[in-house]
Amino acid sequence: DVKVTQSSRYLVKRTGEKVFLECVQDMDHENMFWYRQDPGLGLRLIYFSYDVKMKEKGDIPEGYSVSREKKERFSLILESASTNQTSMYLCASSSPFQLAGGPDTQYFGPGTRLTVL
Amino acid sequence: DQQVKQNSPSLSVQEGRISILNCDYTNSMFDYFLWYKKYPAEGPTFLISISSIKDKNEDGRFTVFLNKSAKHLSLHIVPSQPGDSAVYFCAASWKSGNQFYFGTGTSLTVIP
């Protein structure tokens, strides 16, 4: 069964703290994604990675960085958390479109609700 | 700039009736579209997709319609059930790309 797991369901941090959000997938997918979901704004792409050690900026990368040292793991890092980064963070993975013969479904983790005080 | 738009933030429907959720896009390069369903405190789950070579795709109670000339797609749920109450996101992509562009979501409430 397809599985994407995220390290925490709920997280509370203070302004200025460094925050790590971990995501692990067991489907051997090349592509991994980090989104944030905010009311009225939908899902916005922060970063994605199409291979180990590769990363691409999404629509809102400012204030975030990522790390992909292993194929199954994609980490999102908030270098210095701010209150405007309070959000639901969603990780997803998929096969490369080229291998799948077209866009492949993205499989999402359960999300991490981050609150920055 | 939002390339995929869902202009109705919320929708309420009586159980047993049809739910119609709409989605518009601006990028004519998009050729693959999906709908996702999301319950609170869970990640989105894939519901149904459609390729631009089709104008309709059906899966049980769910049907997606695509109107390429209008750059518009819709999701029909018939009959609607209380368990369908969730936020629905449409998403779009193209074959040479590797990412999806998501709409802002429509919160559907099915009233028993």
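Scroll up for the structure.
Residues numbered from 1 in each chain as written. Chains lettered and ligands numbered in written order. Predicted model: local features only at pLDDT ≥ 70, side-chain atom pairs only at ≥ 80, totals over all residues. Heavy atoms only, no water.

A.B. asks: Looking at this structure, how should I read the overall build of chain A?
C.D. replies: In terms of helices and strands, chain A carries one helix and eleven strands. For chain A, the N- to C-terminal ordering of α and β elements is β-β-β-β-β-β-β-β-β-α-β-β. Relative to the 2.2 N^0.38 estimate, which gives 13 Å for 117 residues, the radius of gyration of chain A is 14 Å and therefore close to what a compact globule would have. Along the longest, intermediate and shortest principal axes, the C-alpha atoms of chain A span 45 × 30 × 25 Å. Counting over 117 residues, chain A shows a buried share of 51%. Here the contacts in chain A between residues at least 6 apart in sequence split such that 57% fall between residues at least 24 apart. For chain A, the exposed area adds up to about 5,500 Å²; of that, 49% sits on carbon and sulfur atoms. When the 15 basic and 15 acidic side-chain charges of chain A are each reduced to a single mean position, those positions are 7 Å apart. (Helix = DSSP H or I, 4+ residues; strand = E, 2+ residues; numbered from the N terminus. Rg over C-alpha atoms; globule rule 2.2 N^0.38 Å. Buried < 20%, exposed > 50% of the residue type's maximum accessible area, 1.4 Å probe, protein only. Contact = heavy atoms within 4.5 Å. Areas by Shrake-Rupley, 256 points an atom, 1.4 Å probe, with all protein chains shown as cover. Lys, Arg positive; Asp, Glu negative; His and termini not counted. Charge placed at Lys NZ, Arg CZ, Asp CG, Glu CD.)

A.B. asks: What should I look at first to understand the interface of chain A and chain B in this one?
C.D. replies: Contacts between the two partners involve 24 residues from chain A and, on the opposite side, 21 residues from chain B. Of the roughly 1,900 Å² buried between chain A and chain B, counting both surfaces, carbon and sulfur atoms make up 59%. There are zero salt bridges connecting chain A and chain B. At the boundary of chain A with chain B, the tally comes to three residue pairs in polar contact (both at pLDDT 80 or more). Of all the elements in the fold, those that place two or more residues in the side of chain A that touches chain B are strand E4 (31-38), strand E5 (42-49), strand E9 (87-94) and helix H1 (97-100) of chain A. (Buried area = accessible area lost by both parts, 1.4 Å probe. Salt bridge = Lys/Arg side-chain N within 4 Å of Asp/Glu carboxyl O. Polar contact = N/O pair within 3.5 Å; in protein donor to acceptor, adjacent residues only side chain to side chain.)

A.B. asks: Can you walk me through the sheet that holds strand E6 (residues 56-59) of chain B in this structure?
C.D. replies: The pairing of strands in a sheet happens through backbone hydrogen bonds and is either parallel or antiparallel. Residues and elements named next belong to chain B. Taken in spatial order, the five strands make up an open sheet running E1-E3-E8-E7-E6, and their pairing is antiparallel. In this open sheet, the two strands that pair with only one neighbour each are strand E1 (4-5) and E6. As defined by bridge partners, strand E7 (residues 62-67) adjoins strand E8 (residues 72-77) across six bridges and the pair is classed as antiparallel. From the neighbouring strand, phenylalanine 62 faces E8, where its bridge partner is isoleucine 77. (Pairing = 2+ DSSP bridges.)

A.B. asks: Even after reading the chapter, I still don't get the environment of B:Ser10, so can you show me in this structure?
C.D. replies: Residues and elements named next belong to chain B. Mapping serine 10 onto the fold places it in strand E2 (residues 10-14). A residue is classified by how much of its surface remains accessible, and serine 10, at 52% relative accessible area, is exposed. Distance from serine 10 to serine 107, taken between C-alpha atoms, is 4.4 Å for residues 97 residues apart in sequence. With residues near it in sequence (within four places) discarded, serine 10 still touches Thr106 and Ser107.

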